[in-house]
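An overview of the molecular structure
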Amino acid sequence: MITVRELYTCKREYKLTIGNLYMHSSKHNFSVTYTDITTAATRLVGIAHRTPVLTSSQANKKAGAHIFFKCENFQRVGAFKFRGAYNALSCFDENQKRRGAIAFSAGNHAQAMTLAGQLLGISVTIVMPEDAPSQKIAATKGYGAEVILYNRYTESREAIAAELVNERGLTLIPPFDHRDVIAGQGTTVTELIEEIGLLDYLFVPIGGGGLIAGAAIAAAYLSPECKVIGVEPELGNDAQQSLRSGKIVTIPVPKTIADGAQTQRIGELTFPIIQACVRDIVTVSDDQLREQIRFFAERMKIIAEPTGCLAAAAVMNKVIDVTNKRVGVVSGGNMDLSQLLSYK
Ligand SMILES: *Cc1c(COP(=O)(O)O)cnc(C)c1O
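The structure displayed is predicted, hence computed values, not measured ones.

**Some remarks on the pattern of salt bridges**
Counted according to the given criterion, the structure contains 14 salt bridges. In this structure, R179 engages D36 in a salt bridge whose closest nitrogen and oxygen atoms are separated by 3.0 Å. Note that R179 is positioned in helix α9 (residues 179-196) and D36 in helix α2 (residues 34-44), a separation of 143 residues in sequence. With a relative accessible area of 19%, D36 lands in the buried category. Put simply, K62 and E291 hold a salt bridge, and the shortest N to O gap is 3.4 Å. One end of the pair, K62, is in helix α3 (residues 57-63); the other, E291, is in helix α13 (residues 286-300), with 229 residues separating them in the sequence. Here the salt bridges share partners, and the residues they tie into one network are K70, E72, R83 and E191.

The structure is reproduced here in structure tokens:
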């Protein structure tokens, strides 16, 4: 018979072996290591919220599993993007700090960069489409960012940002394909597993793959037998196509209510991590997302944007059989009230 202590030691050694494999093997020589994630976690202590992990007997019953929702809608600025943005700006040297940062985004990354810049005393410039919701533009300015508007039909935000990088020496922080951003996002899952223990499955939404890359490295180290599953909108399944064909696939801007997953291709840094550490990528329909938004709001009092409902929708609709398994789900994001009220 094996004692509990021996079992623990055995599990621990297994964990360390797999962790080392992922961290040091030349085959998996990733841009981001588990140590980068724990370093990011240290930087975020007392700054990012340690978001709650919620459970629901209704959700468990529907999926036939034990589900743990990591609720990043309660993160600062309403999304896990704050973790990556703050970590990236914390890594700036003196010269970079003096000159400031730039990002292009109309969504959560812009708000995250703006707040992180304010907290760290680093000036942040955001390149936004001029037809972005006016309250979003006002909020970004209100937090102290310099906002540069562009016409999304006639101008290229990349070109505008590149010009500012050249002229003013700003440092561009992209929303997902950056090692400090990936490491920061990974802290979502170190917190989850530290709090609730080993998982059988972990479901994570995919836009450009920054969150899932960090999440998968964290899971490989802390819960090595956990199968990490990415979730995309049905019509925006570029990462699924990429994983299945073995090379990055670019798609036209997908039509979906999950606007945070309207990316046309996943990142150069995130893709190899996904290939090595993610078991599969599945999809859900916009109708399943609407149903999930309702379930979250009615049953769990969670207000999460469509992209932040992707992972939960896959589990609740049993896209993969998780019967009796321990399942982690990353949820969250920002939903404005008029948008919420339109999902009747
Ligand atoms: C950005 C974002 C995603 C997608 O994250 P990636 O790192 O781009 O894959 C998912 N959900 C929410 C709420 C987001 O803000």
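**Let's talk about the packing of α2 against helix α4 (residues 81-90)**
At a minimum axis distance of 10 Å, the contact between α2 and α4 shows a crossing angle of 95°. The angle between the axes of α2 and α4 places the two elements in the roughly perpendicular class. On the side of α2, the interface is formed by A40, R43 and L44, while α4 contributes R83, Y86, N87 and S90. Along the lines of polarity and charge, the residues of the contact of α2 with α4 split into 3 nonpolar, 2 polar and 2 charged.

**Brief notes about the sheet that holds strand β4 (residues 124-129)**
Overall, parallel pairing links the 4 strands, which are arranged β5-β4-β3-β6 in an open sheet. Sheet topology places β5 (146-150) and β6 (171-172) at the edges, where each strand pairs with a single neighbour. In this sheet, β4 lies alongside strand β3 (residues 101-104) in parallel orientation, the contact comprising 4 bridges. Bridge pairing in β4 links F104 to V127. Packed onto the sheet, helix α6 (residues 108-120) meets β3 and β4 and runs at close to 160° relative to β4.

Cut-offs and rules
Residues numbered from 1 in each chain as written. Predicted model: local features only at pLDDT ≥ 70, side-chain atom pairs only at ≥ 80, totals over all residues. Heavy atoms only, no water. Salt bridge = Lys/Arg side-chain N within 4 Å of Asp/Glu carboxyl O. Helix = DSSP H or I, 4+ residues; strand = E, 2+ residues; numbered from the N terminus. Buried < 20%, exposed > 50% of the residue type's maximum accessible area, 1.4 Å probe, protein only. Axes fitted to C-alpha atoms, helices over the stretch in contact; angles between N-to-C directions. Parallel < 35°, antiparallel > 145°, perpendicular 65-115°, else oblique. Contact = heavy atoms within 4.5 Å. Nonpolar A, V, L, I, M, F, W, Y, C, P; charged D, E, K, R; others polar. Pairing = 2+ DSSP bridges.

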